[in-house]
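Summary of the model geometry
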Amino acid sequence: MNGDPTVRLTTAQALVRFLAAQYTERDGERRRLVAGVWGIFGHGNVAGLGQALLQAAATGEADLPYHPARNEQAMVHAATAYAKASDRLSVFACTASTGPGSTNMVTGAALATTNRLPVLLLPSDMFATRAVDPALQQLEDTRAGDVTVNDALRPVSKYWDRITRPEQLVPAALAAVRVLTDPAETGAVTLCLPQDVQAEAHDWPAAFFRDRVWHVDRPRPDTAALERAAAAIRAARRPLLVAGGGVVYSGATAELRALAEATGIPVADTHAGKGALPWDHPGSVGGLGATGTAAANTLAAEADVVIGVGTRYSDFTTASRSVFRDPGVRLVNVNIARMDAAKLGALTVVADAREALAALRTALDGYRVPAGHERRAGDLAREWAAEVDHLHRAPAANGLLAQTAVLGVLNDALDDRDVVVNAAGSMPGHLQALWRARDPKAYHVEYAYSCMGYEIAAGLGVRLAAPDREVVVLVGDGSYLMMAQEIATMVAENLKVTVVVVDNRGFASIGGLSESVGSQRLGTAHRHRDPATGRDDGPPLPIDLAANAASLGAHAVRARTLDDLRAALRKARDSEGVTVIEVRTDPRAPGPDSEAWWDVPVAETSALDTTRGARRAYERDRTARRHHL
């Protein structure tokens, strides 16, 4: 334009070159924004992005490594886990072909956005020119000609655009990176790429491809907001601080520890915040909420001021708004996102967690909780530690191990910096209550979307982000059967990962929930359908998970005792490549009691005695639910 230098490239080639030139910087540390591209090629992207990535590697014109995946949802999970392990400062892009390849990414996008984690999605789209209409895999909408299946990604994306002309890429790409690098607004970012536009050439301004650094700032708290928060805390006799993921992503663990030690305020944590304060720190009281510790939930019930730092306050964290029981309780929320800071009628401090915690420590100089409150928190934490010791040694029954004992062996076997990865089922609840984390990056549990199938793919992403750490994936047999194929990707990428498959022959978590709401564990076991009754309560299915893992290229081990598990973990640590350890557990073995509630409505009328009994319990328990206004 106007004599400025230009470069003639296809839209896909321009996008690859642009992405390779983006960087983030925080606290003086600069790093690549887009570490690479996950993808599965089809007719929608093989001649566009596929050709562009090949050309970039062959000519060296752009450094953007390509990694092939086995499932589109899984590659988004791997990219999201990479961003989480990278404190949201580096991401992966994901490309898929038109139609089912692109819609397979919707679940991954929802997970990323729910967790406030950045991932760049590049779904292929139909012909922008409509020269071929309908094209293969095209959805025809009678209401509008510009609707495609990629519109399904709109509600689960923080930014969404469709590039129907090459020149639209310039503002769209810049807007996409703005959202990817904004900790207050980040999530899945989607740029839909029609297959004809990907291959179309354009004269691009050369300045579009210069190195560009996106500075990730640390917003400081407003003075008046900080003063209001400090005044509320100073008036507290029984305060509790809740550390969420924002503490970890901000790198604010030292500031959290300093505040806890200066004031004596006990610290509970969420899944995303676990390890922000070491489990054995005198001020740590463990996980909060429906799957938390009795120590944290008791203190939450008594708290007159609750300080949430970097938490989105999900229903599990608040025990469906029943955990904060003091009639006059006040909440103070510190969050970089105003939406989260304003939850539960709180006094809001919109700021970076590290800046806010440091400022609060200064503002609270001279304040310390009453000695009785500090002693009570310590006593409750010690009582819970004894309960954890007990559950970590739970005996086997009927030849099957207790899941809590499996976690005890794992907790002992892993070093402080080793990363445990998990997402859905009964294990997240057991982990939040029982796992002893000292390092803020060593506990990687996705529980905002609680997505079955995340675990193995996430282990792949974590290993790429943290090659200097051992990565141990914990996955139930239900999740394994949904999405195990990225074991083959780990093997192809020559990555060292240990996968522990906890096999309880079904869906133990939802089975227990089903029983509690009077639904008698319907459909929660892996069994044959009984021809005589028509029900799925016949003999167990002959599923061999170790054999399946071996078929994908992993070294597979069957551990039937805790000593077997210990030996297998030692061998896995000393080996290279992927090790999968299958462990059989008892789905009905007792777990930790958080002494908290989770709101799952029960049928109001029923012909079943079990359901009617569950409804009576539900009506009793929901009386503890409250609004915080």
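Provided above is the structure to which this section pertains.
To start, this report covers the structure provided alongside it.

1. Some thoughts on the overall build of the protein chain
Within the protein chain, the regular secondary structure consists of 23 helices and 23 strands. Here the protein chain has a C-alpha radius of gyration of 25 Å; the compact-globule value for 629 residues is 25 Å, and the two agree. The dimensions of the protein chain, computed from C-alpha atoms along their principal axes, are 75 × 70 × 55 Å. Every one of the 629 residues in the protein chain was classed for burial, and the buried ones make up 57%. Contacts in the protein chain between residues at least 24 apart in sequence constitute 76% of all its contacts with a sequence separation of at least 6. Carbon and sulfur atoms make up 50% of the accessible area of the protein chain, which totals about 25200 Å². Between the centroid of the 67 positive side chains of the protein chain and the centroid of its 73 negative side chains there is a distance of 4 Å.

2. Details of the sheet that holds strand β20 (residues 471-476)
Spatial strand order, β19-β18-β20-β21-β23-β22: six strands in an open sheet with parallel pairing. Looking at the sheet topology across the chains shown, the edges are occupied by β19 (443-445) and β22 (555-559). Across this sheet, the average inter-strand angle for adjacent strands is 20 degrees, counted without regard to direction. Summarising the sheet, strand β21 (residues 497-503) and strand β23 (residues 578-584) pair through seven bridges and their orientation is parallel. Paired with Val499 across the two strands is Val580, which belongs to β23. Packed onto the sheet, helix α15 (residues 403-413) meets β20, β21 and β23 and runs at close to 175 degrees relative to β20. Most of the contacts of helix α16 (residues 427-434) go to β19, to which it runs at about 150 degrees, and overall it touches β18 (419-422), β19, β20 and β21.

3. Things to note about the side chain of Glu470
Tracing the chain through its elements places Glu470 in the loop between α17 (454-465) and β20. Assessed through its relative accessible area of 18%, Glu470 is described here as buried. Within the local environment of Glu470, its side chain forms a polar contact with the side chain of Lys496, the two groups lying 2.7 Å apart. Among all residues touching Glu470, those that are not within four sequence positions of it are Asp418, Val419, Arg463, Lys496 and Arg573.

Reading the values: rules and limits
Residues numbered from 1 in each chain as written. Predicted model: local features only at pLDDT ≥ 70, side-chain atom pairs only at ≥ 80, totals over all residues. Heavy atoms only, no water. Helix = DSSP H or I, 4+ residues; strand = E, 2+ residues; numbered from the N terminus. Rg over C-alpha atoms; globule rule 2.2 N^0.38 Å. Buried < 20%, exposed > 50% of the residue type's maximum accessible area, 1.4 Å probe, protein only. Contact = heavy atoms within 4.5 Å. Areas by Shrake-Rupley, 256 points an atom, 1.4 Å probe, with all protein chains shown as cover. Lys, Arg positive; Asp, Glu negative; His and termini not counted. Charge placed at Lys NZ, Arg CZ, Asp CG, Glu CD. Pairing = 2+ DSSP bridges. Axes fitted to C-alpha atoms, helices over the stretch in contact; angles between N-to-C directions. Polar contact = N/O pair within 3.5 Å; in protein donor to acceptor, adjacent residues only side chain to side chain.

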